[in-house]
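Now for the letters of each chain:
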Amino acid sequence: PPFAQVFARYVVAALIAVGFALWNKETLKPKNIRDALILVVIAVFGYGLSNVMYTMAILNTTITNALFLFFTFSIMTPVLGVLVLKEKFTRHLGIALIIASMGIYLMFRPQFGDEHLLGMGFALLAAFLTALYYIGRRMVKSISASLVMVYSTVFGAFGVGFISFVMERGFWTARPAELLLP
């Protein structure tokens, strides 16, 4: 099950991240409630759900399409920076937006109505959520990278675990022997 696989990766990553932070004697508590809320939101949505959507994109379209559309997050992030962080809109950003928009148009137009459309939608959603992660990370720039890593992996695991439990209940309620049978 795809969500359970992502969840298992996140549990391992969370254990390593917490171990690393504790090894370095890092405090695991953010400085204020605002930072804690931003960390939880970007962990669940920008870290956890983005990987779930990316996995769904790969399962529902070609890897080439999924990768191309996912990496539009590098264009979405500066746009969100303009909208959320009130950063300056530059000529280079405008040119990049035009080029990325043309690429997305060429990718969607020939295949509109194709079975790959759902996967491409998942890839774009994953890209948007990844851009959201980077913008949220900028909003809490006073927090150390290791604390962001701890929150991202721990709360990402909780979010993905919840989705996995809801969407793949049969996997979680099956007896171990049933999982091994075809």
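This text follows the structure it describes.
Remember, it's a predicted structure, so these values are computed and weren't measured experimentally.

1. Here's the deal with the overall build of the protein chain
Helix and strand counts for the protein chain come out as nine helices and zero strands. In sequence order, the protein chain lays out its α and β elements as α-α-α-α-α-α-α-α-α. Dimensions of the protein chain along its principal axes, counting C-alpha atoms only, are 50 × 50 × 20 Å. Relative to its full complement of 182 residues, the protein chain shows a buried share of 39%.

2. Considering the side chain of Thr77
Within the secondary structure, Thr77 sits in helix H4 (residues 73-84). Residue classification places Thr77 among the buried residues on the basis of a relative accessible area of 18%. Sequence-distant contacts of Thr77, that is, excluding residues within four places in its chain, are made with Ala131, Tyr134 and Ile135.

3. Observations concerning the pattern of salt bridges
Tallied over the full model, the rule gives two salt bridges. When the shortest N-O distance is used, the salt bridge between Asp35 and Arg34 registers 3.0 Å. For Arg34, a relative accessible area of 45% gives the class partly exposed. Measuring nitrogen to oxygen at the nearest pair gives 2.8 Å for the salt bridge that ties Glu87 to Arg138. Here Glu87 is found in the loop between H4 and helix H5 (91-111), whereas its partner Arg138 is found in helix H6 (residues 117-139), with 51 residues between them in sequence. Overall, the relative accessible area of 28% leaves Glu87 in the partly exposed class.

4. Digging into unusual backbone geometry
One non-glycine residue with positive phi stands out, namely Lys25, at about 55°. Along the chain, the position of Lys25 falls in the loop between helix H1 (2-23) and helix H2 (33-60).

5. With respect to the packing of aromatic side chains
If you walk through the whole model with that rule in mind, you get 10 aromatic pairs. Note on Tyr10 and Tyr47: the rings are 5.1 Å apart at their centroids and 40° apart in plane angle, and the pair reads as tilted. Taken together, the residues span a long stretch of sequence, with Tyr10 in helix H1 and Tyr47 in helix H2 at a distance of 37 residues. With relative accessibility at 4%, the residue Tyr10 sits in the buried group. Summarising the aromatic geometry, the rings of Tyr47 and Tyr133 are spaced 5.9 Å apart at their centres and angled 40° between planes, so their arrangement reads as tilted. Of the two residues, Tyr47 is situated in helix H2 and Tyr133 in helix H6; the sequence distance between them amounts to 86 residues. Since its relative accessible area comes to 14%, Tyr133 is described here as buried.

6. Brief notes about the packing of H1 against helix H7 (residues 145-167)
Working note: a packed helix pair is described by the angle between its axes plus the distance between those axes. For the pair H1 and H7, the least separation of the axes is 8 Å and the interaxial angle reads 155°. As summarised for this structure, H1 and H7 are arranged roughly antiparallel, according to the angle between their axes. As H1 runs across H7, the sense of the crossing is left-handed. Touching Phe3, Ala4, Val6, Phe7, Tyr10, Val11, Ala13, Ala14, Ala17, Val18, Phe20 and Ala21 of H1 are Ser146, Met149, Val150, Thr153, Val154, Gly156, Ala157, Val160, Gly161, Ile163, Ser164 and Met167, all from H7.

Cut-offs and rules
- Residues numbered from 1 in each chain as written.
- Predicted model: local features only at pLDDT ≥ 70, side-chain atom pairs only at ≥ 80, totals over all residues.
- Heavy atoms only, no water.
- Helix = DSSP H or I, 4+ residues; strand = E, 2+ residues; numbered from the N terminus.
- Buried < 20%, exposed > 50% of the residue type's maximum accessible area, 1.4 Å probe, protein only.
- Contact = heavy atoms within 4.5 Å.
- Salt bridge = Lys/Arg side-chain N within 4 Å of Asp/Glu carboxyl O.
- Phe/Tyr/Trp six-rings, centres within 6.5 Å; stacked < 30°, edge-to-face > 60°.
- Axes fitted to C-alpha atoms, helices over the stretch in contact; angles between N-to-C directions.
- Parallel < 35°, antiparallel > 145°, perpendicular 65-115°, else oblique.
- Left-handed = near helix turned anticlockwise from the far one by under 90°.

Note that every value here comes from positions in space, so none of it alone points to a role or purpose.
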